[in-house]
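Here is how the chains run, residue by residue.
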Amino acid sequence: MWQAHLARAHGRDARATQNPLKKPETTFVCQSCGHQSRKWLGKCPDCGEWNSLVEERTRATKKGLGRSSFTLKDVEAVAYQEIESQDDVRVPSGVTEFDRVLGGGIVPGTLVLIGGDPGIGKSTLLLQVADKLSASGALVLYISGEESERQIKLRGERLGIQAQNLYLLPETNLENIFHEVERLKPAAIIVDSIQTVFSALIESAPGSVSQVREVAHQFLLLAKNRSIPVFLIGHITKDGSIAGPKALEHIVDTVLYFEGERHHNHRIVRATKNRFGAANEVGIFEMTSAGLIAVANPSKLFLEERPRNVAGSVVTACMEGTRPLLVEVQALVSGTKYGTGRRMTQGVDQNRVSLLIAMLEKRAGFQLIGDDVFVNIAGGLEVDEPAADLGVVAAIASSFKNTPIDPQTAVFGEVGLTGEVRGAMQPAVRAREAQALGFKKIVVPSSNTTGLERLLGVRVVGVRSVEEALAELF
Ligand code: TYD
Ligand code: MG
């Protein structure tokens, strides 16, 4: 008994000392940021996420297929001057707003990640893109790990899709998928979703960081080698990042996110990263019974239900990517039931609003400490540019004074801590959008007025400070 025990202990010791440098077969990988650790940790030291480390096997199971096997190849650098310009080879998908977020069409050989909450319309949008692409004669392969062919066909029927050259493949095994790609030679590939696809060469569970990263990497190679676009649909986890996540964002060329809520009819697709176009570009769609329809005039859509001659509402001109967008800022100032007033916001940064309120108290003599202040961007839009400051200030002032602002007036401008109104970028584009929607007056930073004098039918008022702006508005 004793001896057996000793022998076992020794045996273990002997095994342990056999090869102290041998790599552990598993590592712990943060499912949020991809950080790797040899031991389990409660909190990821990289991204600070709690309880996100999961044990994963990292070694490829089949010898010779891992990353470590490589052969020496002749490689040659290419002269910059000899490289052909690629800008004219964009292929329009046929879905105008989708082309817009991509920067003007699909670049061949590009890997695009499309993320968003469940049920927001990712599969719908990509099926519509597949339909339009295939209508132009391209063979499109739609790989679905989530729905059967029947289900996709059902959705297609709802969307009124013909899709002559569209092929569906309900498969999750990467090797099988690549086999079929080899046979079919599609001109575009859609993967719905990246989290369901797994490589049999990796031992981790499908959806884990190692798997998702490996699969995305293989699709990247496929896209580059065959020079075809590959679209990866990705799920967003509770905290808003795509599972298997930041690791993916830097692998792909373009990251598109669905924004907004399911309770609104419109859907906003934003490019948060784009190697082939402007980041922050947005595409705006409306979800209808016939799928997602591109919204031709988004400002009109966002101002549709605007109340007229009501205190606490003003229209501000924002830039979303390269496009101007008019949105309504709403504010409600009301006496608080608590000691100090609350500041609640939706669609604008709460800290920014607190700062503007403090500025209003100090510079414009408003007493807001005993009031709750609520600020909202109508239509569920998120506005994060400083040029919306003047709109927020004007809406709060309007509600505080209980005086409506003329509904034919729009404003924009950044507000500083001393109450100065600073210039915004692209004032002419914003002003022209206001003009196009029939606004008669715009209040802008005085440094932005040059070049705006010739705007037909619009009175442009330049202001230097918040006091000047409020005097002009009320
Ligand atoms: P879907 O594309 O399946 O979402 P995701 O792939 O992002 O999870 O979208 C599903 C939602 O869209 C569902 O709630 C129903 C709605 N929908 C419409 O309103 N109209 C349509 O024509 C279609 C196909 C879906
Ligand atoms: Mg889906």
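The structure we're discussing is the one just above.
1. So, the sheet that holds strand E21 (residues 459-463)
Sheet strands line up and pair through hydrogen bonds in the backbone, either parallel or antiparallel. Strand order across the open sheet formed by seven strands is E15-E16-E14-E13-E17-E20-E21, with mixed pairing between neighbours. Every interior strand has two partners, whereas the edge strands, strand E15 (343-346) and E21, have only one. Going across the sheet, the axis of each strand differs from the next one's by a mean of 25 degrees, ignoring polarity. Summarising the sheet, strand E20 (residues 441-445) and E21 pair through five bridges and their orientation is parallel. For Ile 442, the partnering residue across the bridge sits in E21 and is Val 460. Sheet strands touched by helix H10 (residues 389-401): strand E13 (313-320), strand E14 (323-335), strand E16 (371-377), strand E17 (409-411) and E20. Its angle to E14, the strand with the most contacts, is close to 35 degrees. Seen against the sheet, helix H12 (residues 466-473) touches E17, E20 and E21 and runs at an angle of roughly 150 degrees to E21.

2. Brief notes about the packing of helix H3 (residues 122-135) against helix H4 (residues 149-159)
At a closest axis distance of 11 Å, the pairing of H3 and H4 adopts a crossing angle of 70 degrees. In this view, H3 runs roughly perpendicular relative to H4, as classed from their interaxial angle. Counted together, Ser 123, Thr 124, Leu 127 and Gln 128 of H3 and Ile 152, Arg 155, Gly 156 and Leu 159 of H4 form the full contact between these two elements. Across the contact of H3 with H4, the residue classes break down as three nonpolar, four polar and one charged.

3. Notes on the nonpolar core
Core analysis: the biggest nonpolar cluster contains 45 residues, and Leu 360, Val 375 and Ile 396 have the highest contact counts within it. In terms of residues, this core owes the most to one element, H10, which gives seven residues. Two domains each put at least three residues into this core: domain 2 (92-296) and domain 3 (300-473). Core analysis: the next-biggest nonpolar cluster, separate from the first, contains 31 residues, Leu 127, Ala 130, Ile 161 and Phe 231 among them.

4. Structural notes on a negative patch on the surface
Negative charge collects at one region of the surface, where Glu 261, Asp 349, Glu 382 and Asp 384 lie side by side. Among the structural elements, Glu 261 can be located in the loop between strand E9 (254-259) and strand E10 (266-274).

5. Focus: the pairing of strand E4 (residues 111-116)
Counted residue by residue, E4 has six buried out of six residues, so it is predominantly covered. Covered by surrounding structure in E4 are Leu 111, Leu 113 and Gly 115 together with Val 112, Ile 114 and Gly 116, the residues of both alternating faces. Alignment of E4 against strand E8 (residues 230-235), held across six bridges, turns out to be parallel. Pairing of Gly 115 across the sheet is with Gly 234, part of E8. When E4 meets E9, the two strands line up parallel, connected through four bridges. Considered in E9, the bridge of Leu 113 is made with Val 255.

6. Quick notes on unusual backbone geometry
Geometrically, the link from Asp 192 to Ser 193 is a cis peptide bond, its omega value of 0 degrees lying close to zero. Examined against the element boundaries, Ser 193 turns out to sit in the loop between strand E7 (188-192) and helix H6 (209-226). With phi around 50 degrees, Gln 426 is a residue other than glycine that occupies positive phi space. The partly exposed category is assigned to Gln 426, whose relative accessible area is 37%.

7. Brief notes about the pairing of strand E12 (residues 291-294)
Pairing geometry for strand E11 (residues 282-288) and E12, over four bridges, is antiparallel. Paired with Thr 288 across the bridge in E12 is Gly 291. Counting the residues between successive antiparallel strands, the hairpin from E11 to E12 contains two residues.

8. What about empty space enclosed by the protein?
Under the defined criterion, the tally for this structure stands at two cavities of 30 Å³ or more. A volume near 60 Å³ is recorded for the largest cavity. With three residues, E13 is the single largest residue contributor to the lining of the largest cavity. Of the residues that constitute the lining of the largest cavity, the class distribution is six nonpolar, three polar and three charged. Along the walls of the second largest cavity sit Leu 102, Gly 105, Val 107, Thr 110, Val 112, Thr 254, Asn 274 and Phe 276, which together make up its complete lining. Tallied by class, residues from the lining of the second largest cavity come to four nonpolar, four polar and no charged.

Calculation notes
Residues numbered from 1 in each chain as written. Chains lettered and ligands numbered in written order. Predicted model: local features only at pLDDT ≥ 70, side-chain atom pairs only at ≥ 80, totals over all residues. Heavy atoms only, no water. Pairing = 2+ DSSP bridges. Helix = DSSP H or I, 4+ residues; strand = E, 2+ residues; numbered from the N terminus. Axes fitted to C-alpha atoms, helices over the stretch in contact; angles between N-to-C directions. Contact = heavy atoms within 4.5 Å. Parallel < 35°, antiparallel > 145°, perpendicular 65-115°, else oblique. Nonpolar A, V, L, I, M, F, W, Y, C, P; charged D, E, K, R; others polar. Core = buried A, V, L, I, M, F, W, Y, C linked by side-chain atoms within 4.5 Å. Buried < 20%, exposed > 50% of the residue type's maximum accessible area, 1.4 Å probe, protein only. Domains from an automatic or database assignment. Patch = residues over 30% accessible without salt bridge, like charges linked within 9 Å, V, L, I, M, F, W, Y side chains within 5 Å. Areas by Shrake-Rupley, 256 points an atom, 1.4 Å probe, with all protein chains shown as cover. Salt bridge = Lys/Arg side-chain N within 4 Å of Asp/Glu carboxyl O. Lys, Arg positive; Asp, Glu negative; His and termini not counted. Charge placed at Lys NZ, Arg CZ, Asp CG, Glu CD. 1 Å grid on protein atoms, 1.4 Å probe; cavity = no way out; pocket = protein on both sides within 12 Å on 5 of 7 lines; lining within 4 Å. Points joined across faces, edges and corners; volume = space filled by probe spheres on them.

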